[in-house]
Amino acid sequence: MSGTGSADERKVSSLRELSPAIEPPRDLWPQIEARINAERRSAPAAQPRPARARAVPPRWLAAAAVMASVAVGVWIGRSLLPAPGPGVQSPGSARASFAAAPTALDVAYVSDPRYQRDRAALMKSLQTRLAALPPAARAKVMASLAAIQRAKQDLQSALGKDPGNALLQELLVNTYQDEMRVLTDIHAASDAGRGI
Amino acid sequence: MGFSRLAAAMTVLFASAAACASGDKTFERQVPAEAHGVVDISNVNGTVVVSGWDRPEVSVRAELSEGVERVDVSTDHGRTTVKVVQPHSGHGGEADLHVQIPKDSELTVSAVSADVATAGVTGVQRLNTVSGDITAELGGSDLELKSVSGNVKLKGHGQPARLHVSTVSGDVHLEHGAGELEAGTVSGTLVVSLDSARSVRARSTSGDVHFEGKLARGADFDATSVSGDLNVRASADAGYAYEVSTFSGDISNCFNATPSEHGHLPGHTLQGTRGDGAGHLRLKTMSGDVQLCDRK
């Protein structure tokens, strides 16, 4: 659209000064149409393209692979892994158990590596974070973490009796999510004391 | 324009610092503020009491105990910040803050052990404490509230809003709320009364959940707990389809429906429809008991 003549280079002060229609210097359509028709005629003779004609972006392939591996992990957890036995933890060891390594069932349900990494990092700093809380709050939070731990054990024990129970599976996943929320909240709460 | 605002902010900052450095036990400051501006308040120990008013200014009055370094009040580009500064070393003191803000302000309060109370604020509220209790009046705008061990008391006026409340061990009491509620706790108790609910999501691990209220047409209600009890009294003019399931808890209801068992497997379910069945209500527990009634 940039003009080349000196008349086009003058300043335009109003839209009304512009031409309502600008004809192209020459009609290109006949050449384009002829080229399209030529390609159509030559298409049947061309080599058949492989089935993967449409390029799939690599990131979609990666996402699909991740989803497939997660699905396989969940399926393994629901179908193949042996049911865990009843909880054997004594009440006195509840505190130490917060940092315990995930069980096979845990891994099966929460097989996302990023989740595992984030949870491990939060667990590592848990004792320090708890120490930063006011004593009364610390005691309550400890009790809540113990409640989560008990809930996980109870749900796993119940799933041992009824592995395909969708209700228990949903509640167990909820409990994992709640545990992460609490760990994140404790992390943020101990930071709040420093930041304020 | 920018320079004059910066100069004003610096003046207020230095003045407030100087006032506290002189050893005063009380602190007072007023700064101009926008009617729909943002107000951020932070305090570690003591109290934070915030009230909304019609004036375009923020007024701060504080009573400071030994150990509080100073109170900073600054304003810049519609954002007013009130911050109680504690010394870096040693135990800080307590500050009791009374802050008046334009009622339509967007309010954020961050506290550790300080109790927080708000009233007359009609803008969005974000309230966070670690162990401090929170008491807030709902003003028809959204509320986001988070507490670790502090208890929460909320009172609304039936104006619909989005309410997001979470605690770890703190109890939550909500009266005369409306709109959408998402509430979660690990071991705290949720006691909720909604005048009109479009959507309710309540979740606990071991805490009990008590709901009483009216569901709007097509409302969605979802409450789950592992070992806590669910006690729901939900009425709805257009009715709802309900689905109650528990693994080892008991199910009871006020409309004489009979729960069904899962053959040889543990667990009970109760399904059915009340009225036109326009809404959906789901209640799930592992070992907690469930009570459902379609009357408030």
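In this report, the structure presented in the accompanying data block is examined. (Residues numbered from 1 in each chain as written. Chains lettered and ligands numbered in written order. Predicted model: local features only at pLDDT ≥ 70, side-chain atom pairs only at ≥ 80, totals over all residues. Heavy atoms only, no water.)

A tally of helices and strands in chain A yields eight helices and zero strands. Listed by position from the N terminus, the elements making up chain A come as α-α-α-α-α-α-α-α. Nonlocal contacts in chain A, meaning residues at least 24 apart in sequence, comprise 68% of its contacts between residues at least 6 apart. With an accessible surface of roughly 13500 Å², chain A has 61% of that area assigned to carbon and sulfur atoms. (Helix = DSSP H or I, 4+ residues; strand = E, 2+ residues; numbered from the N terminus. Contact = heavy atoms within 4.5 Å. Areas by Shrake-Rupley, 256 points an atom, 1.4 Å probe, with all protein chains shown as cover.)

Right, let's talk about the interface of chain B and chain A for a bit. Listed as interface residues are 35 residues of chain B and, on the opposing side, 30 residues of chain A. Each partner contributes to the roughly 2600 Å² buried at the junction of chain B and chain A, and carbon and sulfur atoms together form 68% of this total. In terms of surface lost to chain A, no three residues of chain B exceed R203, F247 and M286 of chain B, which account for 21% of the buried area on that side. Connecting chain B to chain A are three salt bridges. Here E170 of chain A makes a salt bridge to K284 of chain B, at a shortest N to O gap of 2.7 Å. At the junction of chain B and chain A, the tally comes to seven residue pairs in polar contact (both at pLDDT 80 or more). When residues of the side of chain B that touches chain A are traced back to their parent elements, those giving at least two are β2 (38-43), β6 (79-85), β8 (106-111), β14 (161-167), β15 (172-185), β17 (209-225), β19 (240-246) and β23 (279-285) of chain B. For the side of chain B that touches chain A, the class distribution of residues is twelve nonpolar, 19 polar and four charged. (Buried area = accessible area lost by both parts, 1.4 Å probe. Salt bridge = Lys/Arg side-chain N within 4 Å of Asp/Glu carboxyl O. Polar contact = N/O pair within 3.5 Å; in protein donor to acceptor, adjacent residues only side chain to side chain. Nonpolar A, V, L, I, M, F, W, Y, C, P; charged D, E, K, R; others polar.)

Each regular strand shows side chains that alternate between the opposite faces of the sheet. Residue and element names in this part refer to chain B. A one-sided burial pattern is seen for strand β10 (residues 125-129), the buried positions being Q125, L127 and T129 and the unburied ones R126 and N128. Direction of pairing for β8 relative to β10: parallel, over a ladder of four bridges. When the bridges of β10 are listed, V109 appears paired with L127. Looking at chain direction, β10 and strand β12 (residues 143-147) are connected through five bridges and run parallel. Each residue of the ladder has a partner; that of T129, found in β12, is S147. (Buried < 20%, exposed > 50% of the residue type's maximum accessible area, 1.4 Å probe, protein only. Pairing = 2+ DSSP bridges.)

Glancing now at unusual backbone geometry. A positive phi is found at H77 of chain B, a non-glycine position, where the angle reads about 50 degrees. Secondary-structure assignment places H77 of chain B in the loop between β5 (70-76) and β6.

Residues and elements named next belong to chain B. Structurally, the position occupied by G267 is in strand β22 (residues 265-274). As a C-alpha pair, G267 and V85 span 182 residues in sequence and 55 Å in three-dimensional space. Sequence-distant contacts of G267, defined by excluding residues within four places in its chain, comprise T246, F247, S260, E261 and H262.

By the definition in use, this model includes 23 salt bridges over all chains. Here D185 of chain A and R181 of chain A are joined by a salt bridge, their closest N and O atoms 3.5 Å apart. Within this pair, D185 of chain A and its partner R181 of chain A are both found in helix α8 (residues 166-195), separated by four residues, close to a single helical turn. Owing to a relative accessible area of 6%, D185 of chain A belongs among the buried residues under this scheme. Where D72 of chain B meets R70 of chain B, a salt bridge forms, and the shortest distance between an N and an O atom there is 2.8 Å. On the accessibility criterion, D72 of chain B (13% relative accessible area) is buried. Where salt bridges share partners, they join R201, D220, D222 and R282 of chain B into one cluster.

Now for the pairing of β8 of chain B. The pairing of β2 of chain B with β8 of chain B spans six bridges and is parallel. Looking at β8 of chain B, one finds that N43 of chain B is bridged to A111 of chain B.

Further remarks concern the nonpolar core. Residue and element names in this part refer to chain B. Counting residues in hydrophobic clusters, the biggest one holds 66 residues, and the most contacted among them are I41, L281 and L283. Summarising the domain contributions, this core has at least three residues from each of domain 1 (26-109) and domain 2 (138-296). If sequence neighbours within four positions are ignored, L281 has contacts with L215, F221, V232, A234, Y240, A241, Y242, E243 and L292. (Core = buried A, V, L, I, M, F, W, Y, C linked by side-chain atoms within 4.5 Å. Domains from an automatic or database assignment.)

All names here are of chain A. For helix α5 (residues 113-124), spanning twelve residues, the distance from its first C-alpha to its last is 16 Å, which sits close to the expected 16 Å at 1.5 Å a residue. Those residues of α5 that fall on the buried side of the exposure criterion are Y115, R119, L122 and M123. Seen end-on, α5 carries its buried residues on one side only, within an arc spanning 100 degrees. Counted as exposed and oriented over 90 degrees from the buried face of α5: P113, R114, R117 and K124. (Expected span 1.5 Å × (residues − 1). Arc of directions from axis to C-beta.)

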